[in-house]
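Listed here are the chains, written in short residue letters.
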Amino acid sequence: VQLAVDSPDNRLELREEKCYATPTQDPDDNMKYDIIRQSCAVDSTVTYYDAPRGVRRFSFDTFQFSGDYGNFVYLHCNLVVCNASEP
């Protein structure tokens, strides 16, 4: 997964506060699987990769929701963009 800020301002940094998967496009679906919570990986398979400022890269093992949820998994992330030059 790659998350990026599309801006000419190179002082901006990005942080994922929460990333989770649902079996539907609806981010409010009751069935969800947390991958990152409070900016910390809660899925043991999350791996972070080096990336330039303004970009975050990570991966996690693929999975499928069991039951009658279909074949798709939708990823949703809540992000924070901040000025890296301010403490």
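Small disclaimer: the values here were computed from a predicted structure and weren't measured.

Draft legend 1. Main features of the nonpolar core. One finds L3, L14, C19, A21, I35, I36, V46, F58 and F65 forming the largest nonpolar core, which totals nine residues. For this core, the secondary structure elements donating two or more residues are β2 (12-22) and β3 (33-37). When sequence neighbours within four positions are dropped, the list of residues in contact with L14 reads L3, A4, V5, G54, R56, L79, V80 and V81.

Draft legend 2. A look at the pairing of β2. Here β2 runs beside strand β7 (residues 74-83); their pairing, made up of 10 bridges, is antiparallel. Of the residues in β7, the one forming a bridge with Y20 is H76.

Draft legend 3. Summary view of the side chain of E16. Within the secondary structure layout, E16 lies in strand β2. The exposure class assigned to E16 is buried, which follows from its relative accessible area of 1%. Engagement of the side chain of E16 in a polar contact is seen with the side chain of R56, the distance being 2.9 Å. Among all residues touching E16, those that are not within four sequence positions of it are L3, I36, S39, Y48, R56, N78 and L79.

Quick notes on the rules
Residues numbered from 1 in each chain as written. Predicted model: local features only at pLDDT ≥ 70, side-chain atom pairs only at ≥ 80, totals over all residues. Heavy atoms only, no water. Core = buried A, V, L, I, M, F, W, Y, C linked by side-chain atoms within 4.5 Å. Buried < 20%, exposed > 50% of the residue type's maximum accessible area, 1.4 Å probe, protein only. Helix = DSSP H or I, 4+ residues; strand = E, 2+ residues; numbered from the N terminus. Contact = heavy atoms within 4.5 Å. Pairing = 2+ DSSP bridges. Polar contact = N/O pair within 3.5 Å; in protein donor to acceptor, adjacent residues only side chain to side chain.

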